[in-house]
Amino acid sequence: MRNRYGLPFISPNNILVATINGTGAVIETIYVLIYLVFAPRREKLKMGGLCVSVLALFSVVALVSLLALHGHSRKLFCGFAATIFSIIMYGSPFSIMRTVIKTKSVEYMPFLLSLFVFLCGTSWFIYGLLGRDPFVYLKCSHEVV
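Residues numbered from 1 in each chain as written. Predicted model: local features only at pLDDT ≥ 70, side-chain atom pairs only at ≥ 80, totals over all residues. Heavy atoms only, no water.

Caption draft 1: Local environment of the overall build of the protein chain. Along the backbone of the protein chain there are seven helices and zero strands. Traced from its N-terminal end to its C-terminal end, the protein chain shows the element sequence α-α-α-α-α-α-α. Burial analysis of the protein chain (145 residues in total) assigns 26% to the buried set. Counted over contacts in the protein chain with a minimum sequence separation of 6, partners at least 24 positions apart contribute 56%. With an accessible surface of roughly 10,000 Å², the protein chain has 74% of that area assigned to carbon and sulfur atoms. (Helix = DSSP H or I, 4+ residues; strand = E, 2+ residues; numbered from the N terminus. Buried < 20%, exposed > 50% of the residue type's maximum accessible area, 1.4 Å probe, protein only. Contact = heavy atoms within 4.5 Å. Areas by Shrake-Rupley, 256 points an atom, 1.4 Å probe, with all protein chains shown as cover.)

Okay, here's the thing in structure tokens:
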């Protein structure tokens, strides 16, 4: 969802957002494919089903934004969708916090991932503030706090 917000037909003159989101989409696709190749069969089926669900939801958002919405309403729709899914993405490291609290050990907590998610969120928050783009700074504001 994040990837569509920076596209020229949604938000013109946003080459930086389109570039970073396109690069992120490629990297995440590679990550998911590697996971699916090496995961046990049961996990492959579970994650494959989840991937199909996510792609179906993405397709619905893409079709609605392209066929039913135009101009500012398209930008708002895609901006809200991007914000919701970006917050979910930034919140995903919290899933490991239960294990950290239960075991009272940070063995399972990826420190570098946590650090760079914080740094990325902070830099995008500042970029959104400077560019006065609420969909950029709102989705990253919780990462700064």
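Caption draft 2: Expanded view of the packing of helix H2 (residues 15-38) against helix H3 (residues 41-68). For the pair H2 and H3, interaxial distance at closest approach is 8 Å and the crossing angle is 150 degrees. By the angle between their directions, the pair H2 and H3 is classed as roughly antiparallel. Like other packed secondary-structure pairs, H2 and H3 cross with a definite hand, here left-handed. Residues Val 32, Tyr 35, Leu 36 and Val 37 of H2 form the contact with H3, whose participating residues are Glu 43, Lys 44, Met 47, Gly 48 and Cys 51. Here the residues of the contact of H2 with H3 are counted per class, giving six nonpolar, one polar and two charged. (Axes fitted to C-alpha atoms, helices over the stretch in contact; angles between N-to-C directions. Parallel < 35°, antiparallel > 145°, perpendicular 65-115°, else oblique. Left-handed = near helix turned anticlockwise from the far one by under 90°. Nonpolar A, V, L, I, M, F, W, Y, C, P; charged D, E, K, R; others polar.)

Caption draft 3: Looking closely at a nonpolar patch on the surface. Together, Phe 111, Leu 112, Leu 115, Phe 116, Phe 118 and Leu 119 make up an exposed nonpolar region whose accessible area comes to about 600 Å². The partly exposed category is assigned to Leu 119, whose relative accessible area is 41%. (Patch = residues over 30% accessible without salt bridge, like charges linked within 9 Å, V, L, I, M, F, W, Y side chains within 5 Å. Salt bridge = Lys/Arg side-chain N within 4 Å of Asp/Glu carboxyl O.)

Caption draft 4: Representation of the packing of H3 against helix H4 (residues 71-91) in the model. At a minimum axis separation of 9 Å, H3 and H4 run at an interaxial angle of 160 degrees. The angle between the axes of H3 and H4 places the two elements in the roughly antiparallel class. Two packed elements cross with a definite hand, and for H3 against H4 that hand is left-handed. Together, Leu 57, Val 61, Val 64, Ser 65 and Leu 66 of H3 and Arg 74, Phe 77, Cys 78, Ala 81 and Phe 85 of H4 make up the contact between the two elements. Among the residues making up the contact of H3 with H4, the classes are represented as eight nonpolar, one polar and one charged.

Caption draft 5: Spotlight on unusual backbone geometry. One non-glycine residue, Lys 104, lies in positive phi territory at about 55 degrees. For Lys 104, the location among the structural elements is in the loop between helix H5 (97-103) and helix H6 (111-131). Under the relative-accessibility criterion, Lys 104 is labelled exposed at 77%.

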